[in-house]
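# Report on the structure
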2 protein chains.
Amino acid sequence: MMDLHRLRLLREVHGRGTVHGAARALGYSPSAISQQLAVLERETGTRLLERVGRNVRLTAAGDVLVRHATTLLDGVEAAEAELAAVAAGRVAGVVRIASFQSAFIRVVAPAIRSLAATHPDIRVEAAELEVEQAAPALRLQQLDVMVGDEYDGQPRAVHADLHREHLLREQIRVILPEDHPLAAAERVPIEQLAELPWAACQPGTGHREMHVRVCRELGGFEPDIRYSSDDFLILLELVRTTGAGALLPDLVIGAGAPGVAVRLPAEGDVGRAVFLLTRRTRTPAVAAVADALAAAATDQTRS
Amino acid sequence: MMDLHRLRLLREVHGRGTVHGAARALGYSPSAISQQLAVLERETGTRLLERVGRNVRLTAAGDVLVRHATTLLDGVEAAEAELAAVAAGRVAGVVRIASFQSAFIRVVAPAIRSLAATHPDIRVEAAELEVEQAAPALRLQQLDVMVGDEYDGQPRAVHADLHREHLLREQIRVILPEDHPLAAAERVPIEQLAELPWAACQPGTGHREMHVRVCRELGGFEPDIRYSSDDFLILLELVRTTGAGALLPDLVIGAGAPGVAVRLPAEGDVGRAVFLLTRRTRTPAVAAVADALAAAATDQTRS
DNA sequence: AGCATTGTGAAGCTAAGCTGAACGGATGAT
DNA sequence: ATCATCCGTTCAGCTTAGCTTCACAATGCT
């Protein structure tokens, strides 16, 4: 197995351009460097350096090795940093979160904010990603936490090897233009919205299926879905400007949506569950992030 | 700096559960393991093991270190593998590509296929990603190659530190329902399509801007964009089923699109350039991937 | 209680890895 | 052209990291 120390020497020689420079920088004699690199070449069975004039230059193979060396040495540094933090009684590490849009804004972002205060040594990386793509990424360690959604009556695939935790449940609301006749009502009977054009997500998404199902079951009509986008904020904007209606979960609305009427359906109880997925063995950092997400979720349901 | 060898011992002790087991597995005496781990604890100033009964167990800090150790040791293995391949005269390494949808299907996928034959030691990872997000990812080494698009008259941001290479230029075509009166014509005058409903990408995208501009400049009308999706294949489907029109680049059509008419606009010359971005210093593997992409692109323009 | 087994420490030995001096090759000034 | 100089490499010699062997305390099984 290659020795990191030798790789460090190689990288230094690459960086300084000369063996003498590397020796001076690292506090060794040039001879030591030269000998160690000779050993490295013997071990790998590859020429890593070639003399050019009275200096040395890396070969293609040496270049490859230096590139790996830097990532490895960076990794060691990260390990030392995290270890030091953990030893000092703090929780540290890198945690990668994936989430769908509305939870990203209402749950993940607040959680990141609070984590910055409570766990400054946790580095959170977050990205928007679909639930279906998340399970393999979790298993491959490319991802640590997934925040997913599940509409009532449309259960997601079960992953026995992953840990699932309920975050919150939210109601689906009817979003109407402010000037719609039913906008004044406390609760809106779905069956009276048969003539309304709708904005919903693309076909094949959970939201689209939910939308169609609600209109059929509670309204007894086939919805005229005229505008489609997977971006909930665009859907909201479409209601405001085009006069279409939409069925959106609480999280999308957040504190309130100006220019539209947000109402509960008169009958039925349609909702969406938001949950998180992690691997079964959680590092302390992942556990802390999961806790922060749970706290942010309950905060969200209170307000 | 921590020594990888000691980390390997720690990982082995973690895996086997006992010092004796690790010693047997690695061909050392138990005493050697014990001493090395004692050194590791002294170096890091942290207790990594604690005795439980007559065995040892990792502390929380030890756990952290083992997790890093495995990634580091895997990294060393990857380095050795790539070095061996390079030393044998082959080009190797991991190359991450990002691309927008149509180039993904028509250019990236064929390139991956040909690379599998010509450079079996290059591991290609590919993802769909927007051009705007790609430049920072390239700089952070999270990405190696970006395939982007640029509509005529809408130049992308210039990145002086990144290398840009032209791949191909394609024409924008008018896509009409088969039963449209103008579907029979060789070339379609845009100004006669003022009454047609359109399908185009979401507002704010390059395609949407191109669409509006073409309708204004060549047609003299404001398009009635009734359907919007950023997925070109959905746009194509919308033309087939809803009777709307669309303006789509060649790559989307590919070999041909059944059920719709593909025509050139009668006047004007509207196109889209497809290019790739890499960092200025290319590894041999990245260069090989870039070449394969260029070859796939010219293949695509021929057919 | 007796015994096997585990982890740890002390003594001693081998070899890895350092220094310093000597050497061959390339460069640039005279 | 010649010589001083600088570079990388090699060799001899020394220090010490790291291994083994042996001894010992602690634990759990019978």
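The structure displayed is predicted, hence computed values, not measured ones.

### Some points on the domain arrangement of chain A
- What the domain assignment lists for chain A is domain 1 (4–87), domain 2 (93–168 + 273–302) and domain 3 (170–272).
- Computed from C-alpha atoms alone, the centre-to-centre distance between domain 1 of chain A and domain 3 of chain A is 62 Å.

### Focus on the packing of helix H5 (residues 101–118) of chain B against helix H10 (residues 284–302) of chain B
Residue and element names in this part refer to chain B.
- One way to put it is that H5 packs onto H10 with a least axis distance of 8 Å and a crossing angle of 120 degrees. Our classification of the angle between H5 and H10 gives oblique. Remark: the crossing between H5 and H10 carries right-handed chirality. Residues Arg106, Val107, Val108, Pro110, Ala111, Ser114 and Leu115 of H5 form the contact with H10, whose own contacting residues are Ala288, Val289, Ala292, Leu293, Ala296, Ala297 and Gln300.
- Split by residue class, the contact of H5 with H10 holds eleven nonpolar, two polar and one charged.

### Observations regarding the protein's contact with DNA strand D
- Close contacts around DNA strand D come from 21 residues, with A:Val19, A:His20, B:Arg6, B:Ser29 and B:Gln36 the closest.
- Here the atoms of DNA strand D within 4 Å of the protein split so that 69% fall in sugar or phosphate, with bases taking the remainder.
- Per-element tally for the surface near DNA strand D: the top contributor is helix H3 (residues 30–44) of chain B, with four residues.
- Each residue belonging to the surface near DNA strand D can be placed in one class, and the counts come to four nonpolar, 13 polar and four charged.

### A short note on H3(B)
Residue and element names in this part refer to chain B.
- Helix length check: H3, at 15 residues, gives a terminal C-alpha distance of 21 Å against a target of 21 Å (1.5 Å per residue), a fit within 8%.
- When we look at burial in H3, the residues that qualify are Ile33, Leu37, Leu40 and Glu41. An end-on view of H3 places all buried positions within 100 degrees of arc, on one side of the element.
- Where H3 is buried, its residues contact helix H1 (4–16), helix H2 (19–26), strand S1 (49–52) and helix H4 (60–87).
- Within two residues after H3, Gly45 carries a phi angle of roughly 65 degrees, on the positive side.

### Quick notes on the packing of aromatic side chains
- Taken as a whole and assessed by the stated rule, the structure comprises zero aromatic pairs over all chains.
- A:Arg164 extends its terminal NZ or CZ atom over the ring of A:Phe275, reaching a point 3.8 Å from the ring centre.

### A look at the interface of chain B and chain A
- Across the boundary between the two partners, chain B contributes 33 residues, which contact 33 residues of chain A.
- For the pair chain B and chain A, the summed buried area comes to about 2800 Å², and 74% of that belongs to carbon and sulfur atoms.
- In this structure, B:Arg67 and A:Glu82 form a salt bridge, with 3.1 Å as the shortest nitrogen-oxygen distance.
- On inspection of chain B and its partner chain A, the count reaches eight residue pairs in polar contact (both at pLDDT 80 or more).
- Those elements that provide at least two residues to the side of chain B that touches chain A are H1, H4 and strand S9 (224–228) of chain B.
- Among the elements that make up the side of chain B that touches chain A, the one with the highest residue count is H4(B) (17 residues).

### Re the relation of the copies chain B and chain A
- Rotating chain B by 180 degrees and moving it 0.0 Å along the rotation axis overlays it on chain A with an RMSD of 0.1 Å. Overall, the copies show the geometry of a two-fold rotation axis.
- The fraction of interface residues of chain B whose copies in chain A are also interface residues reaches 100%, indicating that both copies meet through the same surface.

### A closer look at the protein's contact with DNA strand C
- The immediate surroundings of DNA strand C are formed by 21 residues, with A:Ser29, A:Ser31, B:Val19, B:His20 and B:Arg54 found nearest.
- One of the side-chain nitrogen or oxygen atoms of B:Ser31 is found 3.1 Å away from a base oxygen of DNA strand C.
- The side chain of B:Arg51 places a nitrogen or oxygen atom 3.2 Å from a sugar or linking oxygen of DNA strand C.
- Where the surface near DNA strand C is concerned, the elements lending two or more residues are helix H1 (4–16) and helix H3 (30–44) of chain A together with H2, H3 and strand S2 (55–58) of chain B.
- It is H3(A) that contributes the most residues to the surface near DNA strand C, four residues altogether.

### Observations concerning the side chain of B:Ser228
- Looking at where B:Ser228 falls in the secondary structure, it is placed in strand S9.
- Among the polar contacts listed, one links the side chain of B:Ser228 to the side chain of B:Gln202, at a separation of 3.5 Å.

### Some words on helix H4 (residues 60–87) of chain A
- Given a rise of 1.5 Å per residue, 28 residues ought to cover 40 Å, and the 41 Å separating the end C-alpha atoms of H4(A) matches this to within 8%.
- Residue A:Gly89 follows H4(A) closely and has a positive phi angle near 90 degrees.

So, how was this worked out
Residues numbered from 1 in each chain as written. Chains lettered and ligands numbered in written order. Predicted model: local features only at pLDDT ≥ 70, side-chain atom pairs only at ≥ 80, totals over all residues. Heavy atoms only, no water. Domains from an automatic or database assignment. Axes fitted to C-alpha atoms, helices over the stretch in contact; angles between N-to-C directions. Helix = DSSP H or I, 4+ residues; strand = E, 2+ residues; numbered from the N terminus. Parallel < 35°, antiparallel > 145°, perpendicular 65-115°, else oblique. Left-handed = near helix turned anticlockwise from the far one by under 90°. Contact = heavy atoms within 4.5 Å. Nonpolar A, V, L, I, M, F, W, Y, C, P; charged D, E, K, R; others polar. Near = heavy atom within 4 Å. Expected span 1.5 Å × (residues − 1). Buried < 20%, exposed > 50% of the residue type's maximum accessible area, 1.4 Å probe, protein only. Arc of directions from axis to C-beta. Phe/Tyr/Trp six-rings, centres within 6.5 Å; stacked < 30°, edge-to-face > 60°. Lys NZ or Arg CZ within 6 Å of the ring centre and 35° of its normal. Buried area = accessible area lost by both parts, 1.4 Å probe. Salt bridge = Lys/Arg side-chain N within 4 Å of Asp/Glu carboxyl O. Polar contact = N/O pair within 3.5 Å; in protein donor to acceptor, adjacent residues only side chain to side chain. Least-squares fit on C-alpha atoms with pLDDT ≥ 70 in both.

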